[in-house]
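Inside the fold
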Amino acid sequence: MAETLRRLKEDHANISRLLQVLEHQLSLFAEDGEVDYELMAGVLEYMRRYPDLEHHPREDRVMERLQLRDPETAEKVGDLEGLHRDLKEATERFTVALDQVLAEQEVSREAVTALGHDFIARQRAHMRMENETFFPAAQRSLTEADWKEIDAAMEQSSDPLFGPRVAEECAALHAHLLQWDREDRELN
Ligand SMILES: [Fe+2]
Ligand SMILES: [Fe+2]
């Protein structure tokens, strides 16, 4: 499998874990439980820094080739760049709402929770579509030369959470994920 495609799939697995973390925090928030805001903010920081800036543009590049090699399936995937813009906007909406909570402004708990769930649902639906339609089509239709070019253009990953260097803003989230993995291993 081409390195780009392998990386894109790995990104999806990573993002899915983060959405689970967020979903759990959101359920605590909805019940007025003890929320780890740093964790929530970390997830959003990550989404703004990595998927929006690197993962999506990389997919857009694959899409350009798919439009040449298999226009019919590309059509089914739809306007990928537009979908990525929609996701970015959902991230921004939820970030603004969370910032208001952190600044102790008066915001409705229901409204913030709804924005959070909307964000999670959109991300999941988008990744599902890509896993089921976009990635298999790309794997089927792009030539070896296409992948070589795309792989070569892919820069060294600057993933601030799952990459070689963890960014300061993501440190708390990183520690949480490690702890989670440890607990998971102990249970199994
Ligand atoms: Fe995407
Ligand atoms: Fe994706």
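Source: prediction; values computed, not measured.

**Remarks on the overall build of the protein**
- Helices and strands together make up the secondary structure of the protein, namely 8 helices and 0 strands.
- Ordered by position from the N terminus, the helices and strands of the protein form the series α-α-α-α-α-α-α-α.
- For the protein, the C-alpha radius of gyration of 18 Å lies close to 16 Å, the compact-globule estimate for 188 residues.
- Counting only residues that meet the buried cut, the protein has 25% of its 188 residues in that class.

**Regarding the confidence of the model for the protein**
- Averaged over every residue, the pLDDT of the protein is 93; residues scoring 70 or more account for 99%.
- By mean pLDDT, the top-scoring element of the protein is helix α6 (residues 109-141) (96), and the lowest-scoring one is helix α8 (residues 171-187) (86).

**Considering unusual backbone geometry**
- The residue Asp 32 is not glycine, and still its phi comes out positive at about 65 degrees.
- With respect to the element layout, Asp 32 can be found in the loop between α1 (3-30) and α2 (37-49).
- Despite not being glycine, Glu 104 shows a phi value in the positive range, around 60 degrees.
- Relative to the helices and strands, Glu 104 is located in the loop between α5 (80-102) and α6.
- Accessibility expressed as a C-beta count within 10 Å gives 7 for Glu 104, which makes it exposed.

**Observations concerning the environment of Glu 169**
- One can find Glu 169 in the loop between α7 (144-153) and α8.
- Classification of Glu 169 by C-beta neighbours within 10 Å gives partly exposed; the count is 16.
- Considering only alpha carbons, one finds Glu 169 and Asp 70, 99 residues apart in sequence, at a separation of 40 Å.
- Among residues more than four places away in sequence, those in contact with Glu 169 are Gly 42 and Glu 45.

**Digging into the nonpolar core**
- With 20 residues, the main nonpolar core has Leu 18, Leu 22, Val 43, Tyr 46, Phe 94 and Leu 173 as its most contacted residues.
- Put simply, the parts of the chain that give this core at least two residues each are α1, α2, α5 and α6.
- Among all residues touching Tyr 46, those that are not within four sequence positions of it are Leu 18, Pro 160, Leu 161, Cys 170 and Leu 173.
- Ranked by size, the runner-up nonpolar core spans 13 residues in total, among them Leu 8, Val 62, Phe 134 and Ile 150.

**Some thoughts on α5**
- A rise of 1.5 Å per residue sets the reference length of α5, with its 23 residues, at 33 Å; its end C-alpha atoms lie 33 Å apart and thus fit the reference within 8%.
- Listing the buried residues of α5 in full gives Leu 80, Leu 87, Ala 90, Phe 94, Ala 97 and Leu 98.
- Buried positions along α5 lie against α2, α3 (51-69), α4 (71-77) and α6.

**Points about the packing of α2 against α8**
- Taken N-terminus to C-terminus, the directions of α2 and α8 make an angle of 105 degrees; their axes are 8 Å apart at the nearest point. Considered as vectors, α2 and α8 are oriented roughly perpendicular to each other. Every residue of α8 that contacts α2 at Glu 38, Leu 39, Gly 42, Val 43 and Tyr 46 is listed here: Ala 172, Leu 173 and His 176.
- Here the residues of the contact of α2 with α8 sort into 5 nonpolar, 2 polar and 1 charged.

**Section: the packing of α1 against α2**
- For the pair α1 and α2, interaxial distance at closest approach is 10 Å and the crossing angle is 145 degrees. Between α1 and α2 the crossing geometry is left-handed. Touching Leu 18, Val 21, Leu 22 and Gln 25 of α1 are Leu 39, Met 40, Val 43 and Tyr 46, all from α2.
- For the contact of α1 with α2, the class distribution of residues is 7 nonpolar, 1 polar and no charged.

About the cut-offs
- Residues numbered from 1 in each chain as written.
- Chains lettered and ligands numbered in written order.
- Predicted model: local features only at pLDDT ≥ 70, side-chain atom pairs only at ≥ 80, totals over all residues.
- Helix = DSSP H or I, 4+ residues; strand = E, 2+ residues; numbered from the N terminus.
- Rg over C-alpha atoms; globule rule 2.2 N^0.38 Å.
- Buried ≥ 20, exposed ≤ 12 C-beta atoms within 10 Å, placed from the backbone.
- pLDDT = per-residue confidence, 0-100.
- Contact = placed C-beta atoms within 7 Å.
- Core = buried A, V, L, I, M, F, W, Y, C linked by C-beta atoms within 7 Å.
- Expected span 1.5 Å × (residues − 1).
- Axes fitted to C-alpha atoms, helices over the stretch in contact; angles between N-to-C directions.
- Parallel < 35°, antiparallel > 145°, perpendicular 65-115°, else oblique.
- Nonpolar A, V, L, I, M, F, W, Y, C, P; charged D, E, K, R; others polar.
- Left-handed = near helix turned anticlockwise from the far one by under 90°.

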